[in-house]
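# Inside the fold
If you want the building blocks of each chain, they are given just below.
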Amino acid sequence: MAADPVKEPASARIAVIGAGLMGHGIAQVFALAGHEVTITDSFVQTLDTAKSRIAANLRDLGEDERVVENVRACADLAEAVGDADYVVEAVLEDLPLKQKLFAEIERHVHPDTILASNTSVIPITAIMQGLTRRECAVGTHWWNPPFLVPLVEVIETQWTSAETIAWTMKLHEGAGKTPAHVKKDVPGFIGNRLQHALWREAISLVEQGICDAETVDSVVKASFGRRLPVLGPLENADLVGTDLTLAIHNIVLPAIDSRPAPSPYLQKLVADKKLGFKSGEGFRKWSPDEQAALRATVMKHLKAMRDG
Ligand SMILES: NC(=O)c1ccc[n+]([C@@H]2O[C@H](COP(=O)([O-])OP(=O)(O)OC[C@H]3O[C@@H](n4cnc5c(N)ncnc54)[C@H](O)[C@@H]3O)[C@@H](O)[C@H]2O)c1
């Protein structure tokens, strides 16, 4: 076990645990920023294909494919994390699995190694509560695909030290990401709270027969969605005036869905096996061609935003 202190973020050695959808993309981002990266996965085939998937992404993005040589695939967890200054976990969304994994990781890392979980919704506090050095533990919530969506939410728990937060923010900034400090470990962090507040109302509009699902999506895309990349909601509120925002809220908020549970409309879709793309129908019907076209549109848009 190495005993040297944690390095400057720019030269940190990174270990990524889990080489699935998120893990291989996170490894790619750090490799592209010049970090030495180890990656591991308990499923041999996923580990074996991690580097070729990263190389294919780099090719597709017009980046130097040789960057993949910064990534070393390790079948052994202890070897993957032993020299790391920073370990980020992206295994399945399962609390006992993550708790057990971090307990094992902590046994193999040096004392100052920073430990991060990329969980979507599990409280970081619950994942990290059993650790001995909880001051070195954070949440880092990336968005898919990690190499095209800039945000990484850096989540502080009651135990996380200010140094750990500052170091982790600097690490992600240096890797070209847009880190956001989440000062309290709340469900949904920031991004998913905002996103799902919108989705709740979107579902409610359809449920109440005010419009159909396609109309909800067109309204968003043809209106405030156009401004969102350059105008956040609170910038927008300041732009129109807090007094006008208050006047609007006095009328609109009592009418907006505020139920504290998933909509019965959504529950019925799931009960009827209308699961969206995976079953061909959710809020709308989706042929395989329509699904492929929408996925391609999203990727094209994200690439254009990166280049723009
Ligand atoms: N998919 C998304 O859009 C997204 C976005 C943000 C956060 N997340 C979160 O990131 C994490 C990973 O999600 P994903 O979509 O990449 O899942 P995934 O299923 O694609 O990958 C998870 C990988 O973890 C591996 N794994 C399972 N147990 C392991 C262990 N003990 N040691 C090493 N590897 C192990 C699996 O073999 C698999 O390859 C989850 O916590 C998820 O909630 C996902």
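Anything mentioned here points back to the structure above.
The shown structure was predicted, so the numbers you read here are calculated from the model rather than taken from an experiment.

## As for the layout of surface pockets
If you add up the space inside the second largest pocket, you get close to 570 Å³. Breaking the lining of the second largest pocket down by element, the ones donating at least two residues are helix 1 (21-32), helix 4 (95-108) and strand 6 (137-142). The element contributing the most residues to the lining of the second largest pocket is helix 4, with four residues. Here the lining of the second largest pocket is built from residues that sort into 13 nonpolar, eleven polar and five charged.

## Concerning the nonpolar core
Residues Ile-14, Val-16, Phe-30, Val-37, Ile-39 and Tyr-86 are the most contacted members of the largest nonpolar core, which totals 40 residues. Every residue in contact with Ile-14, bar those within four places of it in the chain, is listed here: Phe-30, His-35, Glu-36, Val-37, Thr-38, Ala-84, Tyr-86 and Leu-171. Ile-17, Ala-84, Ile-122 and Leu-131 belong to the second largest nonpolar core, which has 20 residues in total.

## A look at the site of the ligand
The ligand sits among 21 residues. The nearest are Met-22, Asp-41, Glu-93, Lys-98 and Ser-120. Within the backbone of Ser-42, an N or O atom sits 3.2 Å from a nitrogen atom of the ligand. With respect to the ligand, the backbone of Val-91 contributes an N or O atom lying 3.2 Å from an oxygen atom. With the chains in place, 76% of the 840 Å² that the ligand exposes on its own is no longer accessible. Of all the cavities here, the one that holds the ligand is the second largest pocket. Looking at the shell around the ligand, the elements that each hand over two or more residues are helix 1, helix 4 and strand 6. In the shell around the ligand, the residues fall into nine nonpolar, nine polar and three charged.

## Section: the packing of aromatic side chains
Throughout the structure, instances matching the rule amount to five aromatic pairs. Here Tyr-265 and Phe-283 contribute two aromatic rings whose centre-to-centre distance is 6.1 Å and whose plane-to-plane angle is 10 degrees, an arrangement assigned as stacked. Of this pair, Tyr-265 sits in helix 12 (residues 264-271) while Phe-283 sits in the loop between helix 12 and helix 13 (288-307), and the two are 18 residues apart along the sequence. For Tyr-265, a relative accessible area of 29% puts it in the partly exposed group.

## Observations concerning the sheet that holds strand 5 (residues 114-117)
The eight strands are arranged 3-2-1-4-5-6-7-8 in an open sheet whose pairing can be described as mixed. The strands lining the two open edges of the sheet, one partner per strand, are strand 3 (71-73) and strand 8 (178-182). Neighbour to neighbour, the strand axes of the sheet diverge by 25 degrees on average, direction disregarded. As defined by bridge partners, strand 4 (residues 86-89) adjoins strand 5 across four bridges and the pair is classed as parallel. Along strand 5, the bridge assignment pairs Val-88 with Ala-116. Lying on the sheet, helix 1 is in contact with strand 1 (14-17), strand 2 (37-40), strand 3, strand 4 and strand 6; it crosses strand 2 at an angle near 170 degrees. The sheet strands contacting helix 6 (residues 162-174) are strand 1, strand 4, strand 5, strand 6, strand 7 (151-155) and strand 8, and the helix crosses strand 6 at an angle near 30 degrees.

Reading guide: rules and limits
- Residues numbered from 1 in each chain as written.
- Predicted model: local features only at pLDDT ≥ 70, side-chain atom pairs only at ≥ 80, totals over all residues.
- Heavy atoms only, no water.
- 1 Å grid on protein atoms, 1.4 Å probe; cavity = no way out; pocket = protein on both sides within 12 Å on 5 of 7 lines; lining within 4 Å.
- Points joined across faces, edges and corners; volume = space filled by probe spheres on them.
- Helix = DSSP H or I, 4+ residues; strand = E, 2+ residues; numbered from the N terminus.
- Nonpolar A, V, L, I, M, F, W, Y, C, P; charged D, E, K, R; others polar.
- Core = buried A, V, L, I, M, F, W, Y, C linked by side-chain atoms within 4.5 Å.
- Buried < 20%, exposed > 50% of the residue type's maximum accessible area, 1.4 Å probe, protein only.
- Contact = heavy atoms within 4.5 Å.
- Near = heavy atom within 4 Å.
- Polar contact = N/O pair within 3.5 Å; in protein donor to acceptor, adjacent residues only side chain to side chain.
- Areas by Shrake-Rupley, 256 points an atom, 1.4 Å probe, with all protein chains shown as cover.
- Sits in = over half its atoms within 2 Å of the grid points.
- Phe/Tyr/Trp six-rings, centres within 6.5 Å; stacked < 30°, edge-to-face > 60°.
- Pairing = 2+ DSSP bridges.
- Axes fitted to C-alpha atoms, helices over the stretch in contact; angles between N-to-C directions.

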